[in-house]
Amino acid sequence: MSPKQAPHLGADPYFPAHGDTRYRVHRYELALDYKPGPNRLGGSARLSAVAGAEPLREFALDLAEFRIGRVLVDGRAAHYTHRAGKLRVRPAKALAAGAPFTTEVHYSGNPKPVRSPWGGLGWEELTDGALVASQPIGAPSWYPCNDRPADKASYQIAITTPSAYSVLVGGRLLTRTSRGGSTTWVYEQSAPTSSYLVSVSIGQYAPLRLDTPGSGATVPQHVYVPAGLEALAAHDFGRQPEMMRLFEELFGPYPFGSYTVVVADEELDVPVEAQGVATFGTNHVDGRRGSERLVAHELAHQWFGNSVTIADWRHIWLNEGFAKYAEWLWSERSGGRPATAHAAVAHALLSRLPQDLRLADPGMRLMFDDRLYERGGLAVHALRCALGEESFFRMVRDWAGQNRYGVVGTADLTAHVRCYATRPVDGLLEAWLHETALPMLPVAAG
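Residues numbered from 1 in each chain as written. Predicted model: local features only at pLDDT ≥ 70, side-chain atom pairs only at ≥ 80, totals over all residues. Heavy atoms only, no water.

1. Quick word on the confidence of the model for the chain
Averaged over all residues, the pLDDT of the chain equals 96, while 98% of them reach at least 70. Scored below 50 in pLDDT, residues 1-7 shows 12 contacts in the model against residues more than four places distant or in partner chains. (pLDDT = per-residue confidence, 0-100. Contact = heavy atoms within 4.5 Å.)

Okay, here's the thing in structure tokens:
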């Protein structure tokens, strides 16, 4: 266990039924077969894990309504029960404290979104294919996992599907093998990844490359779109390589090996980030760059949320506040309105709305409230005004670099910020993060 992860071991207060704090997973190996017509998914999941500080006589995985074939622990059949989204496993022999172990689950069924206060989450069957959008608790809709953001692991994912379909997963494509009308795609995601950030898109997509000679792209960047949208998507995502260069300048090196955008053949309410991937809907492609701020937002999540991950969902503003501010920074650096103008608009908006949201602990009901995004961006802008340009951007870059692939909470950020301040910032941090009343519009110190 890394020092960055050690302090963050408790159950998630917003979703205490998800995850199991008695062990940690360090690798998942999924070997699955998907048939789009009947929406049939089946195969196996092998988890390599480590028991916690106490002997492990039983443990739990999160998994939705699938038929379980068998469950093995260290190669031996284990007793299990499966109800209400929990697969409870009792090994044939108790696992010693700190002992490494493997669990293998064979399962099959018709995947569907899991219920949540925000509607269905996770595996979604499309008209022709499927996609996964799991934030925050949708991962169990398609594979057994320890579904808590602090438990990050590497992944190898093999999915077999009819050869007419592309399978797109975050990570490096290791092999693509066709036989008898089916193709198996094998991906490796070596960077530590939270369960909700594992994404799959299955569909008939046309590929575009943004990292062409002359684009200045620093990492491979692909866009996959439904046939007929190639020209519009090429325009709408055309400035993404420039965006990537800016964010690497401001936030540090891109954390993963590549970046993939999927435009699903469906309209989506909002785009969704995953590890090394972002999924947009056809409604986000208009040929006029009408959703470019969202392109910036999803790309910024690769640093803030995916590489630097929240310990639990109380701290979601750390993801969304920095991603919102990245929208403003891109606008500022690409010839649009400066961040100060965006901040003024956001402040005026929030001043007319109820002030009952506590940024550092909004409660489950408000964790995706628009006010959290706007206030989060304003809080980051307030830090910029208080620290000054040089110290602020050094603070942000060091935050992303020092916590690369780690797990953090709000207290970690406040301690980090103090190291860059030349005057006390405790009052500012308290007002923006822990109180509900809206502070004054931030202005740069004279």
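Having seen it, we continue.
2. Description of the environment of Ala130
Within the secondary structure, Ala130 sits in strand E10 (residues 129-133). The contact partners of Ala130, leaving out residues within four places of it in the chain, are Tyr34, Trp123, Glu124, Glu125, Val200, Ser201 and Ile202. (Helix = DSSP H or I, 4+ residues; strand = E, 2+ residues; numbered from the N terminus.)

3. What to know about the side chain of Asp147
Among the secondary structure elements, Asp147 is positioned in the loop between E10 and strand E11 (153-162). Among buried charged residues, Asp147 stands out as having no salt bridge; its nearest opposite-charge side chain is Lys86, 8.1 Å away. Only 2.8 Å separates the side chain of Asp147 from the side chain of His18, close enough to count as a polar contact. In terms of polar contacts, Asp147 uses its side chain to reach the side chain of Ser195, at 2.6 Å. Here Asp147 is in contact with His18, Gly19, Asp62, Pro136, Ile137, Ala139, Pro140, Ser195 and Tyr196, once residues within four sequence places are set aside. (Buried < 20%, exposed > 50% of the residue type's maximum accessible area, 1.4 Å probe, protein only. Lys, Arg positive; Asp, Glu negative; His and termini not counted. Salt bridge = Lys/Arg side-chain N within 4 Å of Asp/Glu carboxyl O. Polar contact = N/O pair within 3.5 Å; in protein donor to acceptor, adjacent residues only side chain to side chain.)

4. Quick look at the environment of Glu104
Within the element layout of this structure, Glu104 appears in strand E8 (residues 100-109). When the C-alpha atoms of Glu104 and Ala437 are compared, they prove to be 50 Å apart, with 333 residues separating the residues in sequence. Beyond its immediate chain neighbours, meaning those up to four positions away, Glu104 contacts Ala45, Arg46, Arg70, Val71 and Leu72. Separated by 2.7 Å, the side chains of Glu104 and His106 make a polar contact.

5. Examining unusual backbone geometry
The peptide bond linking Gln135 to Pro136 adopts the cis configuration, its omega dihedral lying at 0°. Looking at the element boundaries, Pro136 is found in the loop between E10 and E11. Backbone geometry at Ala84 places phi at a positive 50°, although glycine is not the residue there. Among the structural elements, Ala84 can be located in the loop between strand E6 (79-83) and strand E7 (86-90). Judged by relative accessible area, which is 80%, Ala84 ranks as exposed. Even without a glycine there, the phi angle at Arg289 is positive, about 55°. Among the secondary structure elements, Arg289 is positioned in the loop between strand E20 (277-280) and helix H3 (292-300).

6. Remarks on the pattern of salt bridges
Inspection of the entire model under this criterion finds 24 salt bridges. Arg90 is the partner of Glu58 in a salt bridge, and the nearest nitrogen-oxygen pair spans 3.7 Å. Taken as a pair, Glu58 in the loop between strand E2 (40-51) and strand E3 (59-62) and Arg90 in strand E7 lie far apart in primary sequence, 32 residues in all. What makes Glu58 partly exposed here is its relative accessible area of 26%.

7. A few points about H3
The buried count for H3 comes to eight of nine residues, which makes it a mostly enclosed element. Residues Glu292, Leu294, Val295, Ala296, His297, Glu298, Leu299 and Ala300 constitute the buried set of H3.

8. Things to note about the sheet that holds E3
Within a beta sheet, neighbouring strands are joined by backbone hydrogen bonds and run either parallel or antiparallel to one another. Strands sit in the order E3-E7-E6 across an open sheet of three strands; the sheet is antiparallel. Both edges of this open sheet fall to E3 and E6, since each of them pairs with a single strand only. Going from strand to strand, the sheet's axes swing by 20° on average, the running direction of each strand aside. Bridging between E3 and E7 involves four bridges; their strand directions are antiparallel. Looking across to E7, one finds that Phe59 is bridged to Val89. (Pairing = 2+ DSSP bridges. Axes fitted to C-alpha atoms, helices over the stretch in contact; angles between N-to-C directions.)

9. Points about the nonpolar core
In terms of nonpolar packing, the biggest core is built from 139 residues, with Trp142, Tyr143, Phe237, Phe247 and Trp317 touching the most fellow members. Looking at this core element by element, the count peaks at nine residues for helix H4 (residues 317-333). Residue contacts for Phe237: discarding those within four places in its chain leaves Leu210, Val223, Val261, Val263, Phe280, Val285 and Val295. (Core = buried A, V, L, I, M, F, W, Y, C linked by side-chain atoms within 4.5 Å.)

10. Thoughts on the sheet that holds E20
Pairing in this open sheet of five strands is mixed, and the strands run E16-E17-E18-E20-E19 from one edge to the other. The open sheet has two free edges, formed respectively by strand E16 (206-209) and strand E19 (272-274), since each of these has just one partner strand. This sheet shows a mean twist of 20° between the axes of neighbouring strands, independent of strand direction. Judged from the four bridges that link them, E16 and strand E17 (residues 221-225) form a sheet pairing that is antiparallel. Opposite Ala206, over in E17, you have Val225 as the bridge partner.

11. Here's the deal with the packing of aromatic side chains
On inspection of all chains with the given rule, the structure shows 27 aromatic pairs. Geometrically, the ring pair formed by Tyr196 and Trp313 is edge-to-face, given 4.8 Å between the ring centres and 65° between the ring planes. With a gap of 117 residues between them, Tyr196 in the loop between strand E14 (182-193) and strand E15 (200-203) and Trp313 in the loop between strand E21 (309-310) and H4 connect regions that are remote in the sequence. Judged by relative accessible area, which is 2%, Trp313 ranks as buried. An aromatic cluster of three or more residues is present, and its members are Phe247, Phe251, Tyr254, Phe256, Tyr259, Trp303, Phe304, Trp317, Phe322 and Tyr405. (Phe/Tyr/Trp six-rings, centres within 6.5 Å; stacked < 30°, edge-to-face > 60°.)

12. What about the packing of helix H5 (residues 339-351) against helix H6 (residues 370-387)?
Helices that pack against each other are described as a pair by the angle of their axes relative to one another and the distance between those axes. Where H5 meets H6, the axes come as close as 10 Å, and the angle between the chain directions of the two elements is 135°. With respect to H6, the element H5 is oriented oblique. Read as a crossing pair, H5 and H6 show a hand that is left-handed. Facing Ala339, Thr340, Ala343, Ala346, His347, Leu349 and Leu350 of H5, the residues of H6 in contact are Arg371, Glu374, Arg375, Leu378, His381 and Arg384. Taken together, the residues of the contact of H5 with H6 break down into six nonpolar, three polar and four charged. (Parallel < 35°, antiparallel > 145°, perpendicular 65-115°, else oblique. Left-handed = near helix turned anticlockwise from the far one by under 90°. Nonpolar A, V, L, I, M, F, W, Y, C, P; charged D, E, K, R; others polar.)

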